[in-house]
Amino acid sequence: MAELVEKSLNFIEEIIEHDLEIGKHKTIITRFPPEPNGYLHIGHAKSICLNFGLALKYGGKTNLRFDDTNPTKEDIEYVDSIREDVKWLIEEMPMEWSEERYASDYFQTIYDLTVKLIQKGLAYVDHSTAEQMAVSKGTPTQAGTNSPYRDRSVEENLALFEQMKSGSLPDGTCVLRAKIDMASPNMHMRDPVIYRIKHAHHHQTGDDWCIYPMYDYAHPISDAIENITHSICTLEFEVHRPLYDWTIKNLELFPSRQIEFARLNLTYTIMSKRKLLQLVTEGVVNGWDDPRMPTISGLRRRGYTPAALREFANRIGIAKRDNIIDVGLLEFCVREDLNKKAQRVMAVLNPLKVVLTNYTEGVTETVEIENNPEDPNGGKRLVPFGREIWIEREDFMENPPKGYHRLTPDGYFRLKGAYIIKHVETIKNTEGGIEELRCEYIPTSKSGQDQSGIKVKGVGHWVNVATAATAECRIYDRLFTVEAPDGDKEKSFMDYLNPNSLTVLDTIYVEPSVKDLAVNDRVQFLRHGYFAVDKDSTDTKLVFNRTVTLKDSWKPA
RNA sequence: UGACCCAUGGUGUAACGGUAGCACUACAGAUUUUGGUUCUGUCUGUUAAGGUUCGAAUCCUUAUGGGUCAACCA
């Protein structure tokens, strides 16, 4: 009997299993609560996979909840992109699509609860200015002092809060504060603001409200309303947890529990929404979905699969210590997935013409090549072959280093799926650059029926000149030159931009089968890497994005 | 000079008082009509010092290092 290898639990799963065991909950409900003020990035993907993954594992459910309590920073564009990204990421997961909720769905309920809070003497309207409040808040090492408005009567607070809601007060006139403890060692417990006046149009509620609850206050209430059992967020909210618990306790709500885990950091990239926005607004990249961006939409456009992202999230694990994941792991995950799925195609990115002098002019024959050696059911395709072909410039060297086993002067080279060729002559231009190669093909060496007896070490891809399709190809490199672009307090991440993060190849030659490809299709260019068809493609021009190179263990001696 | 959180190979993550394991990376080899894939092997680790214990990565103390917290942001 096979030994069952049980995957160890992360600390959140341990908490959940414990809660289930002691009967605290019969089932679990999690939520993914993005603020619609930017596009989702791979750090969010980690969180999405965690929350949806937990629900899947324990038979619970997950809500997608837009945390839209600040209308001045949020936009419907972001709501739409987030919904699309989440949908795409979890599309093949065997579970139901979550309920789509908005914190703004609960504005009335939150308001009603707040009236209760005031009645309990646990909140007061403060007319201090923002500056005064900052001063009286104290510092982390020094207790704060009570506001002069702290002891207003319940009746007065009720009336003032009503006035705040009525719309008669301009922004900033006053705020509603929770009455907790100005001397708390936790700054978030020093009478935090829970409501502020904002005469702003909200993308969901329009002009219904001119007061909006703060995150720290709205979040636990929203969780409780949805019966969220485990409210998972990142580490920086750890110090907010006492306020989260305070809110639930004093409002006597469903006991949602906040649990914090370490956010994802990736080498050679930045993850802050603010900084990503800066890249977009300053034109460093071409939008949120630029394939160099660590956004979900950028990765999707780059050619990443949802399965690869989920596998990545799975491999990096969940813990509380700060981490920085090698971007190589992400690349490993997409290679692993695409190796199984992507059809192989021959494309020459940096062409060198080869004329087979002993091949009949004007003749085109077809050779049969497997679509994917990793997939037994992948089938084969016909690829045209003729007298003139493109090969990769790097596949020929006049003075090869030791260990180079491609084409060399007077050497042999196998054209994948076709014939062995023998180098005869190198044609150069006046500057001494290599213009073209004259070779002879070995007629008896055809793939599958080779009787030539010639042993070649080198095998390469090629494209028949007469039937070649052309395309544009975009080669991406990492956006930053250092592992931790925002790790330096002295310098800005903008100082570490890689000037060569994008290289456009106007014309590459590809075998004609690519004409059937559609936008977002992914293929492997043999010996190059994985490529995805970009949305910029037109009926007459294909555009490929390089997702990732193939692993390359060849290095000259 | 406050409170809270964290500390295991290069990176990430296990071991729940009883043999420090797995993955990625790197390196070496085998196979290969992709210098891909696959397979095999190798290197590298418990922050430090005390204590508890027959036994400590694990529990306790202190130190050190890292992170977080003073928006009418989330």
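All of these numbers come straight from a predicted model, not from anything done at the bench. (Residues numbered from 1 in each chain as written. Chains lettered and ligands numbered in written order. Predicted model: local features only at pLDDT ≥ 70, side-chain atom pairs only at ≥ 80, totals over all residues. Heavy atoms only, no water.)

Quick notes on the sheet that holds strand 1 (residues 29–32)
Across the sheet, three strands lie side by side as 1-2-3; this open sheet has parallel pairing. Each end of this open sheet is capped by a strand with a single partner; those strands are strand 1 and strand 3 (100–102). Between one strand axis and the next, the sheet turns by 35° as a mean value, whatever way the strands run. The sheet contact formed by strand 2 (residues 61–66) and strand 3 spans three bridges and is parallel. Paired with Phe66 across the two strands is Tyr102, which belongs to strand 3. Contacting strand 1, strand 2 and strand 3, helix 3 (residues 76–90) crosses the sheet at an angle of about 160° to strand 2. (Pairing = 2+ DSSP bridges. Helix = DSSP H or I, 4+ residues; strand = E, 2+ residues; numbered from the N terminus. Axes fitted to C-alpha atoms, helices over the stretch in contact; angles between N-to-C directions. Contact = heavy atoms within 4.5 Å.)

Some thoughts on the domain arrangement of chain A
On domain assignment, one finds that chain A holds domain 1 (2–102 + 217–331), domain 2 (107–214), domain 3 (349–464) and domain 4 (469–548). The C-alpha centroid of domain 4 is placed 50 Å from the C-alpha centroid of domain 2. (Domains from an automatic or database assignment.)

Observations regarding the packing of helix 1 (residues 11–21) against helix 2 (residues 42–57)
Where helix 1 contacts helix 2, the axes come no closer than 12 Å and their chain directions differ by 35°. Helix 1 and helix 2 meet at a crossing whose hand is right-handed. Packed against helix 1, whose contacting residues are Ile12, Glu13 and Ile16, the element helix 2 presents Leu50, Leu54 and Lys57 at the interface. (Left-handed = near helix turned anticlockwise from the far one by under 90°.)

Regarding the packing of aromatic side chains
If you walk through the whole model with that rule in mind, you get 21 aromatic pairs. Aromatic side chains Trp390 and Tyr509 sit 4.3 Å apart centroid to centroid with 5° between the ring planes, which places their arrangement in the stacked category. Taken together, the positions of Trp390 in strand 15 (residues 388–392) and Tyr509 in strand 22 (residues 502–510) put the pair 119 residues apart, joining distant regions of the chain. Here Trp390 matches Tyr509 in class, with each residue buried. Aromatic pair Tyr419 and Tyr441: ring centres 4.8 Å apart, planes at 80°, arrangement edge-to-face. Of this pair, Tyr419 sits in the loop between strand 16 (412–415) and strand 17 (420–428) while Tyr441 is found in strand 18 (residues 434–441), placing the two residues 22 residues apart along the sequence. Each member of the pair, Tyr419 as well as Tyr441, is classed as buried. Site record: aromatic cluster; members linked through ring pairs are Phe107, Tyr111, Phe161, Tyr195, Trp209, Tyr212 and Tyr217. (Phe/Tyr/Trp six-rings, centres within 6.5 Å; stacked < 30°, edge-to-face > 60°. Buried < 20%, exposed > 50% of the residue type's maximum accessible area, 1.4 Å probe, protein only.)

A look at the pairing of strand 23 (residues 522–525)
Consecutive side chains along a regular strand alternate between the two faces of the sheet. As paired strands, strand 10 (residues 343–345) and strand 23 are joined by three bridges and run parallel to one another. Within the sheet, the bridge partner assigned to Gln343 lies in strand 23 and is Val523. As paired strands, strand 23 and strand 24 (residues 529–533) are joined by four bridges and run antiparallel to one another. Residue pairing in the sheet places Gln524 in a bridge with Tyr530 of strand 24.

Section: helix 8 (residues 241–250)
Here helix 8 has its buried residues at Leu243, Tyr244, Trp246, Thr247, Ile248 and Asn250. In this structure, the buried residues of helix 8 make contact with helix 4 (107–119), strand 5 (175–178), helix 7 (215–225), strand 8 (230–234) and strand 9 (257–261). The first or second residue beyond helix 8 is Glu252, which carries a positive phi of 55°.

Some words on the sheet that holds strand 15
The sheet built from seven strands is open, its strands ordered 19-16-17-18-12-15-20 with mixed pairing. Of all the strands in the sheet, the pair left with one neighbour each is strand 19 (459–460) and strand 20 (463–464). Sheet analysis places strand 16 next to strand 19, joined by two bridges and oriented parallel. Considered in strand 19, the bridge of Leu415 is made with Gly460.

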